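# Structural overview for review
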Amino acid sequence: MHKGGIGRFIYNMVNHPWNHPVEFTILLYGHNFENATDKLKDTLHRHFGKKARFILLADVFKRNPVPFDIHSHNTFDEYARESYYLYFALKHLLATGRIKPDYIEFIDIFGPAFFSVQSKYGEDVFKGIEIGVRLHSTNSIITHHELYGTSQTSWHAKIHDIERKALLDADYVVGHLPEIASENLNFYKFPADWMSRTVVNFPPVVIDKEVERETHETEVGEVPVVAFSSRICPFKQPHLFIDAATILLDRGVKAQFVIASYGWDHEYNQKIKNRVPSRHRDSFSFADDLTEEARLRLLRAAITVIPSSYESFCFFAYESLLRRQRVILNRDCVAFGQNDFWKDGENCLLFEGSAGALASSIERAIEWTPVSYEIPRVGTPYWEKTGGIPRRVASIPAVQELPKSPVPSLAIIAFEPFGVTNVLGRPSLDLNRLCKIDMYFSDREAPERSILPFQWPEGPKIVQWILRELDNDYISINPSRSVIQEEFLRFALQVLQSRPEIDGVVPQYADLAGNLTRGLVGGDLASAAAIDIAKTIPLGAVFRREFFEKFSPFVEDGEHWYYMLASKAVLSGDARFIAAPNHGYTLFGTTPDTNLDQRMASGLHITLAPVFAEKFGRPLSECHVHQHFSESEQLRILIEHKQSAEQMAIERLRTIHERDRTIAKLRNRTFAGLAKKLFLPAKKKKA
């Protein structure tokens with residue numbers, strides 16, 4: 001908590017004397033905070049006392065387990081999964097009254113706000129609460145400024161999209177510098193109105209008075225000390241520091257160069273150490289385990305170099321100025337070079353981004369003394385601003401507040417045998433108030449008015465039939481052998497009825513083959529559309545009818561027509577979707593409840609259908625479970641054939657994976673060039 005920019009920011013915010021009382025509750029998540037160890041408790045108490053309340057995400061899950069496998073990797077991405085955990089934890093903390101916030105603020109890196117923000121479109125979980133994202137530095141913008149430090153992959157593309165979506169759909173965004181807000185606007189290509197929801201506040205910069213007193217008396221040696229004390233990682237550019245030092249030492253300049261910092265990538269740390277020429281090893285030292293007092297004592301006597309290619313603010317630079325240190329900054333960094341506060345020769349020295357330019361600035365700094373050590377005043381925080389923040393995503397209207405007439409209608413198209421799967425069950429009164437529901441099946445035994453006259457691969461004919469024969473406002477095409485969750489339908493209908501700019505709502509889904517695993521999907525994330533089709537707009541999504549008027553499938557797409565259509569819509573930039581945090585359907589006709597009676601009532605008999613089909617020697621479409629067995633007999637057979645049924649479900653899952661691999665080959669040919677163009681940075685032309 002006390003190491004790094006985000007930790008310093010939290011420390012400063014909590015310890016600053018604000019004009020009006022404010023209560024801070026901090027939810028800690030990630031590998032570093034999995035257990036409330038004595039060391040962690042001691043650290044929090046030492047730095048924060050009783051000024052802030054801390055809740056560990058791991059503790060929330062211990063008291064209220066997540067309703068799916070928290071360690072499963074069968075998900076959209078590990079950070080999308082983490083965003084879901086945070087949403088789930090906040091939902092639980094709000095429901096139990098453990099927190100009652102006016103604002104919930106997320107960091108930007110890896111998009112942890114994603115699911116919480118999406119939920120505001122169709123749930124009352126965060127009613128009356130503003131959800132914001134603070135611009136610390138997204139992973140995408142960091143890797144963009146790392147030049148050759150990181151190879152861009154499909155993983156980076158997905159992270160780019162989830163970070164962008166969280167920033168785009170949040171109620172508000174907080175930045176520390178106007179230049180950084182503009183940098184994010186341009187980098188993510190946000191619409192112009194995004195800036196109207198962005199609040200810029202210069203944050204508190206606090207230095208530890210007690211530690212300062214202990215380190216105030218510092219002797220300056222005859223040989224100047226030059227220090228790099230930012231985190232060791234590519235965009236902080238420690239290699240520039242070493243290269244500049246090498247240039248000076250080769251010129252015969254007498255100085256001692258110190259890297260007093262830490263880094264999480266051990267391989268990269270070693271590369272930096274190996275970069276020091278053997279002829280100059282005696283003039284370099286690496287100190288990665290200094291105490292806070294020892295580090296400050298070193299920096300007080302040193303010239304501080306911050307060669308970062310990108311910073312969203314850099315508390316370290318402002319703290320160094322408050323300590324009356326000499327600071328050298330990279331002019332190519334937006335937070336320094338485009339920020340009018342930093343003035344070359346007055347409160348800092350700016351260099352032009354190269355090792356040679358840095359070497360010249362270090363040599364200049366040896367005989368230079370700053371003329372100003374003042375920093376800007378702390379800005380008025382958004383919670384104290386008159387008029388508050390312009391709202392972006394208002395809480396949804398309650399069911400009774402939605403238009404009563406005319407009641408919209410939803411067509412559910414199910415590609416599965418009629419009478420075998422309990423597709424939806426009997427809709428509740430609340431759902432009937434929201435919408436009139438019509439069901440259509442591909443099975444010839446369905447009632448005549450409910451027969452879909454085409455099979456799955458006939459995508460263009462299906463869409464033409466929808467537009468010609470159906471007058472429903474909303475359309476949902478569902479996967480084989482699934483149970484639709486009413487909770488998702490309610491969410492989707494709320495969104496589509498209250499927000500005309502949304503084209504569709506996409507579900508998460510649950511596969512149940514013995515154990516529950518949840519698949520996380522991203523909605524209108526272009527990277528997923530180009531790289532991971534099945535996790536863009538999955539089956540079960542609820543579309544506006546107009547969507548099929550704007551987009552139509554190609555005959556040659558065959559059985560992949562749905563995924564290709566969804567990808568085309570997302571990549572066009574003309575379709576907008578919301579990813580529902582709750583799951584829309586459960587594959588294999590099961591629900592996560594372990595009570596057999598309840599599971600049977602919810603449609604578990606679809607898992608048994610192969611067993612019955614084998615017994616009767618007939619195809620699945622002709623095996624009507626309820627016509628041949630009472631419920632008690634079904635339960636008996638379920639217990640008897642449990643292992644067999646689960647094995648069949650697992651085999652079905654393998655079949656799905658084989659299909660996805662086939663789709664992957666197809667999409668790679670179709671979208672590889674486009675994905676590369678969209679997500680890989682263009683190579684810089686040589687001067």
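My aim in this report is to walk through the structure given alongside it, one point at a time. (Residues numbered from 1 in each chain as written. Predicted model: local features only at pLDDT ≥ 70, side-chain atom pairs only at ≥ 80, totals over all residues. Heavy atoms only, no water.)

We now examine the overall build of the chain. Along the chain, the regular secondary structure elements total 26 helices and 20 strands. Out of the 687 residues in the chain, the part that is buried amounts to 57%. A fraction of 76% describes how many contacts in the chain between residues 6 or more apart in sequence connect residues 24 or more apart. Of the roughly 31300 Å² of accessible surface on the chain, 50% is carried by carbon and sulfur atoms. (Helix = DSSP H or I, 4+ residues; strand = E, 2+ residues; numbered from the N terminus. Buried < 20%, exposed > 50% of the residue type's maximum accessible area, 1.4 Å probe, protein only. Contact = heavy atoms within 4.5 Å. Areas by Shrake-Rupley, 256 points an atom, 1.4 Å probe, with all protein chains shown as cover.)

Moving on: the sheet that holds strand 4 (residues 130-134). Read from one edge to the other, the open sheet built from 4 strands follows the order 3-4-5-6, with strand pairing classed as parallel. Of all the strands in the sheet, just strand 3 (103-107) and strand 6 (198-200) have a single pairing partner and so form its edges. Each adjacent strand pair in this sheet contributes to an overall mean axis angle of 30°, direction not counted. Inspection of the sheet shows strand 4 paired to strand 5 (residues 172-175) by 3 bridges, in the parallel sense. (Pairing = 2+ DSSP bridges. Axes fitted to C-alpha atoms, helices over the stretch in contact; angles between N-to-C directions.)

Moving on, we come to the packing of aromatic side chains. Counting across every chain of the model gives 37 aromatic pairs. Both rings, one in Phe341 and one in Trp342, keep their centres 4.9 Å apart while their planes meet at 75°; by these two values the pair is edge-to-face. Across this residue pair, the class does not change: Phe341 and Trp342 are buried. Judged by centre distance (5.9 Å) and plane angle (80°), the rings of Trp561 and Tyr562 are edge-to-face. (Phe/Tyr/Trp six-rings, centres within 6.5 Å; stacked < 30°, edge-to-face > 60°.)

Take the environment of Leu90 next. With respect to the helices and strands, Leu90 occurs in helix 4 (residues 78-95). Residues Leu90 and Val125 lie 35 residues apart in sequence; the distance between their C-alpha atoms is 8.9 Å. Not counting residues up to four positions away in its chain, the partners in contact with Leu90 are Leu27, Ile99, Ile104, Phe106, Ser116 and Phe126.

Moving on: the pattern of salt bridges. Any two side chains of opposite charge can pair, given that their charged atoms come close. Overall, the coordinates contain 18 salt bridges when judged by the stated rule. A salt bridge links Lys91 to Glu123; the nearest nitrogen and oxygen atoms lie 3.8 Å apart. Placement of the pair is Lys91 in helix 4 and Glu123 in the loop between helix 5 (114-119) and strand 4, with a sequence separation of 32 residues. The class for Lys91 is partly exposed, based on a relative accessible area of 29%. Counted as one network, the salt bridges with shared partners bring together Lys165, Asp169 and Arg576. (Salt bridge = Lys/Arg side-chain N within 4 Å of Asp/Glu carboxyl O.)

Moving on, we come to the environment of Ser119. Locating Ser119 in the fold gives a position in helix 5. Given a relative accessible area of 0%, Ser119 falls into the buried group. Separated by 460 residues in the primary sequence, Ser119 and Ala579 place their C-alpha atoms 8.0 Å from one another. Discounting residues that sit within four places of it in the chain, Ser119 has contacts with Tyr87, Phe126, Phe491 and Pro581.

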